[in-house]
Every structure is written in structure tokens, then in C-alpha cells.
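Report on the structure
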Amino acid sequence: MGVRLASVLRVKEMLQQSLKSNRISLASDIPKKGYFTVYVGETEKRFVVPIAYLQDPMFQSLLHKAEEEYGFDHPGGLLRVPCNEDTFTIITSQIIVTNEQSPGFLNPTSNYMPTLVSAQLGERQTEDLKVACVSQPMPLLSLANPSSPAGHEMLLLRSASVFRSVSRRISTVRMAAISTSGEKGASPAGQVQLPPSPPPVQVKPLVIDRAVFVAKRLENFKTTIFTQMSLLAIKHGAINLGQGFPNFDGPEFVKEAAIEAIKEGKNQYARGYGVPELNSAIAERFKKDTGLQVNPEKEVTVTSGCTEAIAATILGLINPGDEVVLFAPFYDSYLATLSMAGAEVKSVTLCPPDFAVPLDELKSVVTKKTRAIMINTPHNPTGKMFNREELEVIASLCIENDILVFTDEVYDKLAFEAEHISIASLPGMYERTVTMNSLGKTFSLTGWKIGWAVAPPHLTWGFRQAHSFLTFSTSTPMQWAASVALRAPDTYYEELKRDYLAKKAILVEGLKAAGFIVYPSSGTYFVMVDHTPFGFENDITFCEYLITEVGVVAIPTSVFYLNPEEGKSLVRFTFCKDEHTLRAAVERMKERLHKR
């Protein structure tokens, strides 16, 4: 039986035609067998492959074996896979799921977890096959049935972007689908004679219905809402007023300090609890802000962002079963880390319009079993700032019941319309308080992930024990630059506030003009609004509509409550964007949102 290799140009033409429709065209039945040729450089590897997809045998253990034996250590690397006996194995970066009711339906998961996929060879192969592994899903190759007419090859792709990416990254590996033509024994010029194909194999569609494995302490948590919304923003070309990162850069004098530190060779592991110069700068700033003198060697610890400081605080000082009180809505990292620590979480809800602390409710929630109260001021996502009366009530409850306070103050320099008060500065509170902060928000350098915690020595000990086994140390040159940033003159902070007040005014006025109910924000760079004038059932559906139909991203806040119903009418916008971006977003909402 003669065969004909489909030309590379023919394959390219088919790919381009498939990409125009941006969808996968599927056969009604799975081909029983086919042929393909792989070129590695100028070396040709031929395989006769019955399409026998396959089993998924304990892929975690096999993946580890592959990593050890074949050197598969990162996406994008090249892996040499031995083709022994009657099987060969390809490691891809996707799981393929075939629906029993719809044979041939291929559904790569969004997680792109590695899986081992085997194909039965029609003849014994001993050569190595060089396979490229990429972080994106590979194109899906479906082989034509040898009995089909010549030129009836079929290639399946997920999207044009995947094909372009793979084409760039696997320039030396070209695949050609082939089909049969001519009569048995014929071998026209330019064609390759392959061995006779094996008998047809009856193949049952592959079904991999494997749940994602996750520890019970985290099984109720999903991908963070910030990641979800940012991905949707990219997909739909929406203006991202959701995730709180600036779209402008930090100050030049801080970046130059980082560059100088790198050039000076400050590039190895830093001391676990921080570069001495940064510890001293943090202590100096803490004294200026609170009036408290602390020992930079014994009471200051540098972390990889405030999120790590939160984790080290909770994991280092909270035992399983300890009760911890949160104020809802809360930054989602709090609940996830408390879950990892095995804590019992109680929450007190801050309600619009002013998001004041319901003091009587707080008093009823706090008991002798309460181990800690966690506060965030200025408060994300509401923009609320805890006032002196509220903090004094919290302090009295803590002293009376021997409770710790974990206070997240990353927005302390973004206090616009009220005084920022650190609870550690109240009488009797420093000895029971861990104060956490970071560089990113104040200096628009969120990607540097420089944070810290200030606490008395008896609390710092447990904190540092956890920190040592989380990240151990933080980027050395960035720490040196942070020490320069924290010694910035007062004029820097004054200019920062003026700039953000102007941005806030653009957003708040625009949201009101668009029809939202806008709640006051005294600090942070967030604004909370009520979306119900537009007639949507909840915050999730509204935010999805806002992205897909209006082209603007906001954050649904129901994920920040123990009871999501409490937040279903609220969404959060950020104004840490340049004025052009804010105005463009406002105009979209004014034009495309309509009250119902």
C-alpha cells in the first residue's frame, strides 16, 4: 500500500484555514490509525501509530520519574523521551478529556497540569523522539484515517495564539500529517514507503475524570478574584480598575538605588530577618509615625511583601482551634492563611455607608477563647479608616481578654480625609501587637514585594520561626533600595497624596455620573459602590457584564465575606491608574451602563 507525506505547505494551509474560524473542527469518530513524520533538524523519524489514546496511570509518580530520568525541569525545555518496547510517552502541559457521549471531543483544562499520555506503536521503536514541552497547551494533532482520500488530512488547534507561540518555540520540529494514496507496493518519486500498518485497533474514547487534588484546609478556596478579573481584562481588552496595582512606575531615586545595589554586588542571600540598613530605616519610620522606639535587630523583620508578613504572623502565632476575629469585608489572604493554620474564624461586618465598627456586636463576639483580632486600616476594600474610638474599644477588649492584634497598615501613607492611627501606639498595646506594612503601595513598586513586621521580641520569635521556613530572606538589592525609599522627605508623601486625591476625584465623580451609589473612602486607593441601580442580581454577574459589555473591570466584593450574601450589592474600583486611563474608563461606563 503506497503512502504520501503531506507537504509542510499543505499542513500550513490547513492550519491557516482552521484558524480563520478560531474553532476546532472535529471528526464524528476517532481515527483508528494514522501516520506522522517528525523532523528533528534534518533527521527524519517515522512512526506508525494506531490512535490508541490511552490510560492516565498515576501521572504524578510517573511525572516525578520523568523529571529524574529525563531532566524535565521547566516548561519550554526540550525533553528526550525513550521509545522502548511498544509504547512511547510524551509529557505535555495539558490534560485531555474525552467525553464518552461525544467521542473525539478534546477539552484541555485551564490549569495546564502536566499529564503523561501514551500511544501504542505499531512497530518496535528504539530511537529517541525529541519533544518540545511548552507552558501553553500544545496544538492537538488528529491523524487522518489511512483509508481516507488523499489530502484529507486533519489538524486540530485550540487558537491562533497557541499556534503562533508553538511555531516560534518549536522551529526545528515540524509535523506532517499523511494519508494513503496509490496502490500497494507503489512508491512514486518523492514519496516515502512506510512499513505495513498493523491491524485496526478498536479504541474506546479516553476519559480522564480526575478531580484537582488539594489539601482539605484549602479545598474551599479558588483562584484569587484578582487573578480572575485581571485575566478577563486581558481577554476582553477591558480597562482594569480592579486589581490594585498602579499602571505607572515608582520614583526614579528608588529605582536608581536598586540599580546601584545590583552593580555594587549586593546580590546574594540577605540576612534572614533583613538587611541591617533596611531594618534601621523601618525602625526610624515607625518611631516617626507612632512615637515608639523599637530595636531594629530584635523587633523588625523584613518579609517578601506584606502577604508573607500576614502568613508568618498567623502561622507563627496561631494554633489550630484558636479563634481569630476578622472585620468583613477582608483581604482574601487573611481567611486562606487562617485556614492553613487551622484557626476558627469569626467575623464582624462593616456595613455601608460609613462602614463603622458595630462595637456592641464586636463585644459579643470576643470571648476568652479569642486569640487574636485582625484589623486593616486604612481598610481594603472599603477605604474606611478605623477612628480613635473604635481602636480604643478594640484595645480595651484585647487587654481585658489577653488578645493579640495583627494590624495590616500597608495604606498608612494613603490616608486622605482622616488621621491614620496605629493601634500599637495606644497605651498597653505594643506588647500584644504585630504591625505589618510594605513598600509597594506607597512607592508604586508592588512587584518588588518588600514588606515587614514590627513586634515585641516575644512575638517576633514565633513570627521569625515561620518566616524562616516560608521565604527565609527577601531580595537583597531591593532591600537596599527600600532603605533609601523609607528615608524620603515629607514632600514625597505630600505630593503622593495630592496626586491620588486628583485621581480619586476623577473616578468618584465619574462613578456618580454613571449612576452608581458611591460610598465615602477616607484612605487607600479604592472606592466601594452599590451596583444595584443597574438591575443585576449580584456582584459577580454585574462585574462579568461590566467586563464583557462595557469594557471596564471592577472587583466583586462578595468573596471578601464569610457570608457572600452580605457583599452581593457591592463592587470595588481602584484609582491607582493614570488620569487618562481613569477618564477613559469613566466615559465607557457613562456611555454603556444603563439603569434598569
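In this text, all values refer to a predicted model and were calculated from it rather than measured experimentally.

Parameters at a glance
- Residues numbered from 1 in each chain as written.
- Predicted model: local features only at pLDDT ≥ 70, side-chain atom pairs only at ≥ 80, totals over all residues.
- Heavy atoms only, no water.
- Helix = DSSP H or I, 4+ residues; strand = E, 2+ residues; numbered from the N terminus.
- Buried < 20%, exposed > 50% of the residue type's maximum accessible area, 1.4 Å probe, protein only.
- Contact = heavy atoms within 4.5 Å.
- Salt bridge = Lys/Arg side-chain N within 4 Å of Asp/Glu carboxyl O.
- Axes fitted to C-alpha atoms, helices over the stretch in contact; angles between N-to-C directions.
- Parallel < 35°, antiparallel > 145°, perpendicular 65-115°, else oblique.
- Nonpolar A, V, L, I, M, F, W, Y, C, P; charged D, E, K, R; others polar.
- Phe/Tyr/Trp six-rings, centres within 6.5 Å; stacked < 30°, edge-to-face > 60°.
- Lys NZ or Arg CZ within 6 Å of the ring centre and 35° of its normal.
- 1 Å grid on protein atoms, 1.4 Å probe; cavity = no way out; pocket = protein on both sides within 12 Å on 5 of 7 lines; lining within 4 Å.
- Points joined across faces, edges and corners; volume = space filled by probe spheres on them.
- Pairing = 2+ DSSP bridges.

Let us look at the overall build of the protein chain. Along the backbone of the protein chain there are 16 helices and 21 strands. Every one of the 596 residues in the protein chain was classed for burial, and the buried ones make up 52%. When contacts within the protein chain are restricted to residue pairs at least 6 apart in sequence, long-range pairs at least 24 apart make up 76% of them.

On to the pattern of salt bridges. Scanning the entire structure with this criterion turns up 18 salt bridges. Lys 255 serves as the salt-bridge partner of Glu 252, at 2.9 Å between the closest nitrogen and oxygen. Taken as a pair, Glu 252 and Lys 255 lie in helix H5 (residues 252–263) at a separation of 3 residues, close to a single helical turn. The class for Lys 255 is buried, based on a relative accessible area of 18%. The residue Glu 323 makes a salt bridge to Lys 346 at a minimum N-O spacing of 3.3 Å. One end of the pair, Glu 323, is in strand E11 (residues 323–328); the other, Lys 346, is in strand E12 (residues 344–349), with 23 residues separating them in the sequence. Judged by relative accessible area, Glu 323 falls into the buried class, the value being 12%. Accessibility expressed as a relative area gives 28% for Lys 346, which makes it partly exposed.

Between helix H14 (residues 490–514) and helix H16 (residues 579–592), the least distance of the axes is 9 Å, while the angle of their chain directions is 5°. Classified by the angle between their axes, H14 and H16 sit roughly parallel to one another. Only Glu 579, Leu 582, Arg 583, Val 586, Met 589 and Lys 590 of H16 make contact with H14, whose side of the interface consists of Ala 502, Lys 503, Ile 506, Leu 507, Gly 510, Leu 511, Ala 513 and Ala 514. Here the contact of H14 with H16 is built from residues that sort into 9 nonpolar, 1 polar and 4 charged.

A few words now on the packing of aromatic side chains. A complete count under the given rule lists 22 aromatic pairs for this structure. Aromatic side chains Phe 248 and Tyr 500 sit 6.4 Å apart centroid to centroid with 50° between the ring planes, which places their arrangement in the tilted category. Of this pair, Phe 248 sits in the loop between strand E9 (239–240) and H5 while Tyr 500 sits in helix H14; the two residues are 252 residues apart in sequence, bridging distant segments of the chain. Exposure remark for Phe 248: the relative accessible area of 24% places this residue in the partly exposed category. Overall, Tyr 500 belongs to the buried group, its relative accessible area being 1%. Aromatic pair Phe 443 and Tyr 492: ring centres 4.9 Å apart, planes at 10°, arrangement stacked. Of the two residues, Phe 443 is situated in helix H11 (residues 440–443) and Tyr 492 in helix H14; the sequence distance between them amounts to 49 residues. What makes Phe 443 buried here is its relative accessible area of 0%. Over the aromatic face of Trp 480 sits the side chain of Lys 266, whose NZ or CZ is 3.8 Å from the ring centroid. Over the ring of Phe 245 we find Lys 577; its NZ or CZ atom is 4.1 Å from the centre of that ring.

Moving on, we get to empty space enclosed by the protein. Under the counting rule described, the total for this entry stands at 3 cavities of 30 Å³ or more. By volume, the largest cavity is sized at about 130 Å³. In this structure, the largest cavity is lined by 14 residues; those nearest its centre are Phe 286, Asp 289, Asp 412, Thr 435 and Asn 437. When residues of the lining of the largest cavity are traced back to their parent elements, those giving at least two are helix H6 (276–290), strand E15 (433–438) and strand E16 (451–454). Top element by residues in the lining of the largest cavity is H6. It accounts for 5 residues. Class assignment of the residues belonging to the lining of the largest cavity gives a composition of 5 nonpolar, 5 polar and 4 charged. One number sums up the size of the second largest cavity: a volume of about 50 Å³.

A word on the sheet that holds strand E17 (residues 517–518). The strand order E17-E18-E21-E20 describes an open sheet built from 4 strands, whose pairing is antiparallel. The outermost strands of the open sheet, each flanked by one partner alone, are E17 and strand E20 (555–556). As paired elements, E17 and strand E18 (residues 526–530) share 2 bridges and run antiparallel to each other. If you follow Ile 517 over to E18, its bridge partner there is Asp 530. Packed onto the sheet, H14 meets E17, E18 and strand E21 (570–574) and runs at close to 10° relative to E18. The sheet contacts of helix H15 (residues 539–550) involve E20 and E21, and relative to E21 the element is tilted by about 40°.

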